[in-house]
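Understanding the architecture of this molecule
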Amino acid sequence: MSLDLQHLNTLDTEAFVSALDGVYEHSPWIARRAAASRPFASLPALKLALAQVVSQASLEEQLGLIRAHPELAGKAAIAGQLTAESTDEQSRAGLQHCSAAEFERLQTLNKAYGERFGWPFILAVRGPRGLGLSRQAIIEAFERRLHAPPDLERAECLRNIHRIAEIRLDDKFASPPLLGNAVLDAADRLARHSEAPFAERGQLCVTYMTPAHQAVAQDLTLAMREAGFDEVSVDALGNVVGLVHAARPDAPRLLTGSHYDTVRNAGRHDGRLGVLATVEAVRQLKRQGRRLPFTLELVAFAEEEGQRFAATFLSSSALVGTFDPAWLDQQDAEGIRLQDALRAAGHPGTLASIQALRRDPTRYLGYVELHIEQGPVLCELDLPLGVVTSINGSRRYLGEITGLASHAGTTPMDRRRDAAAAAAELVLAVEREAQARPGTVGTVGLLEVPGGSINVVPGRCRFSLDLRAGDDAQRDALDTAVRAQLQQICEYRGLQWTLTPTVVASAAPSDAAWQGRWEAAVQRLGLPVHRLPSGAGHDAMKIHEALPQAMLFVRGGNLGISHNPLETVSNDDADLAVRALLALLEGLSKEHEA
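The following paragraphs examine the structure supplied in this document. Remember, predicted model here, so these are calculated numbers, not experimental data. (Residues numbered from 1 in each chain as written. Predicted model: local features only at pLDDT ≥ 70, side-chain atom pairs only at ≥ 80, totals over all residues. Heavy atoms only, no water.)

1. With respect to the overall build of the protein chain
Filter applied, for reference: Secondary structure follows DSSP: runs of H or I at least 4 residues long count as helices, runs of E at least 2 residues long count as strands, and numbering of each begins at the N terminus. Based on C-alpha atoms, the radius of gyration is set beside the globule rule, defined as 2.2 Å times the residue count to the power 0.38. Summary of the burial criterion: residues with accessible area below 20% of their type's maximum are buried, those above 50% are exposed, and those between are partly exposed, where the area comes from a 1.4 Å probe applied to protein chains only. Contact between two residues is taken to exist if any of their heavy atoms lie within 4.5 Å; hydrogens are not considered. Computed with a 1.4 Å probe, the accessible areas rest on the Shrake-Rupley method; for each residue, only the protein chains presented here act as cover. Positive charges come from Lys and Arg, negative ones from Asp and Glu, while His and the chain ends are left out of the count. Think of each charge as sitting on NZ of Lys, CZ of Arg, CG of Asp or CD of Glu.
Within the protein chain, the regular secondary structure consists of 23 helices and 16 strands. Rg of the C-alpha trace for the protein chain: 26 Å, near the compact-globule value of 25 Å for 594 residues, within the 12% margin. Taking all 594 residues of the protein chain together, 55% fall into the buried category. A separation of at least 24 residues holds for 77% of the contacts in the protein chain among residues at least 6 apart in sequence. On the protein chain, roughly 25300 Å² of surface is accessible, and the fraction owed to carbon and sulfur atoms is 52%. In the protein chain, 60 side chains carry a positive charge and 73 a negative one; their mean positions are 0 Å apart.

What follows is the structure in structure tokens.
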């Protein structure tokens, strides 16, 4: 018999603990402490309360929780001594049917991991979809995490324990995340399309106007039609546009979307999560026979990543009327011009056809976007959703410091004009200046000594600078401070320097009203509101030039790693993303019906 949240809220503490027996392995203290936080407004609220008990526990208690778990395919499993829940989970992952080689490898990894960390390796083997990871995926995760720093690995074990508990709670409450399952299944279907040579390696790569890119557009078109969009079309830049009409033809529109192109060797959710969650939300509205008092327009942007051509945001730029005509003559690595690539894919490839895509801002209420966080914040806080306050503005440079190349053995230390040493000082200065200004980040991602040699004092050093902040004033203050540091370093070392700007992007603060609507949607799910900036750029920062906008972030697993095959979202978090969007649409509908 499944649990009922309303009934659970009324139980005395011991009955509450008993009802949640088995959720956290041999650790009833977690439920006992969480009982004090009742009543829980939703199942996600209960999950969060349990996780917060663990995060607030002592180190000894956390380690005790980790050590309460069995080894994967270990001696307890062989002897049939696992809990019913662990037996089911390891069985779903096929760990009871390991080959001799797999079993031997797991035993070797268990031993090495235990010797390194002093606790068993914890992995939610039912995976992000809940169906069970493959044995190969389990072994690869084991091998990867074996080399992690102990404090990070302990935290990752706890996050996997929370994921195990989440799946067990879904089972206990007979509450499968069906909307999230549909989103992840759709992402897997799109991931079938990839370019050579990445496809042959089992990797994902979909760059602008390639055959794989066009196949994704076709699949999205079919998915939108099947979900119940009234109109679906592919425009002159390859954007897939779906409309769900309001009852009144003169009703305003709400614009939403994200991109479907990828970086090379990508993950499955960057950009696409927002598109597919919206498709699933429309499916639910259609099943309810619901017409919104405004038209919903979904744009699956064809290009955001700038992987094939140097122009980024070329799709969303067209919607706000800032598409640069010079982009049509840009060439890819094989010398193919953008306009020729468009024509080869069946598009006009003309400036007029692209300029016709510009939207009239007076017809739109605003723009909202769902996106995977691409960072560790929500993951570290055990929060599934976060409301974006601003998309960071940035200034990027390529720079060079010039000194004097000289013999490493014969040049005294006080006579050197070492360009690399100056660059090293600059790296630390950037870190120091950014840390001194909350909300800013600074990175030197490229360092190069041209023609360097082991026995030569570097006479030149090339570097990059990436300076970002949530508003332009903060960004520019960091920029000024870093430039001053560079000047000072080079002056006292007797060096010259140059900086060449490569990117200047203005910050895109979230519109207060639209940010508030996302916050209200999160609260309707029984979750606390956590606000955070976006350090990465998104289509929303381009649409910001014409419409009020706000974003919702969805937690990414593996500490939020993105642009990487390890990028992942759980079915429960994807489910909450769809429900948050539906809640926003419901709230907006009430505003317009009032």
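2. Side note on the pattern of salt bridges
For side chains of opposite charge, pairing can occur when their charged atoms come near one another. We apply this condition: Salt bridges are defined as contacts in which a side-chain nitrogen from Lys or Arg sits within 4 Å of a carboxyl oxygen from Asp or Glu.
A full pass over the atoms with the stated rule returns 46 salt bridges. In this structure, Glu 153 engages Arg 145 in a salt bridge whose closest nitrogen and oxygen atoms are separated by 2.7 Å. Classification of Glu 153 as buried rests on a relative accessible area of 1%. Ionic contacts of the salt-bridge type, sharing partners, join the residues Lys 47, Arg 163, Glu 166, Asp 170 and Asp 572 into one network.

3. Regarding the packing of aromatic side chains
Heads up, the condition is: Here is the rule: rings of Phe, Tyr and Trp (six-membered ring for Trp) pair when centre to centre is within 6.5 Å. Planes less than 30 degrees apart are stacked, more than 60 are edge-to-face, and the remainder are tilted.
For the structure on display, the rule yields seven aromatic pairs. Taking the centre distance of 5.8 Å and the plane angle of 80 degrees together, the rings of Tyr 113 and Phe 142 count as edge-to-face. Pair noted here: Tyr 113 is in helix H8 (residues 100–117) and Phe 142 is in helix H9 (residues 135–145), with a separation of 29 residues, a long-range link. Note on Tyr 113: relative accessible area 1%, which makes it buried. Pairwise contacts between aromatic rings join Tyr 113, Phe 117, Trp 119, Phe 121 and Phe 142 into one cluster.

4. What to know about the packing of H8 against helix H10 (residues 150–172)
Rules: Orientation is described by lines fitted to C-alpha atoms, with helices fitted over the stretch in contact, and by angles between N-to-C directions that extend from 0 to 180 degrees. We call Asp, Glu, Lys and Arg charged. Ala, Val, Leu, Ile, Met, Phe, Trp, Tyr, Cys and Pro are nonpolar, and the rest, Gly among them, are polar.
Their axes nearest at 11 Å, the elements H8 and H10 cross at an angle of 120 degrees. Listed contacts from H10 to Tyr 113, Arg 116 and Phe 117 of H8 are Pro 150, Glu 153 and Cys 157. Grouping the constituent residues of the contact of H8 with H10 by class yields four nonpolar, no polar and two charged.

5. Some thoughts on unusual backbone geometry
A negative phi angle is the norm for most residues apart from glycine, just as the trans form is the norm for most peptide bonds. A cis amide bond links Arg 38 to the next residue, Pro 39, at an omega of 5 degrees. Among the secondary structure elements, Pro 39 is positioned in the loop between helix H3 (28–34) and helix H4 (43–55). The omega angle of the peptide bond from Ala 196 to Pro 197 is 0 degrees, so this bond is cis rather than trans. Within the secondary structure, Pro 197 is located in the loop between helix H11 (178–190) and helix H12 (211–227). Not every positive phi belongs to a glycine, and Met 209 is a case in point at roughly 65 degrees. Structurally, the position occupied by Met 209 is in the loop between H11 and H12.

Without other data, these values stay purely geometric and don't point to any function.
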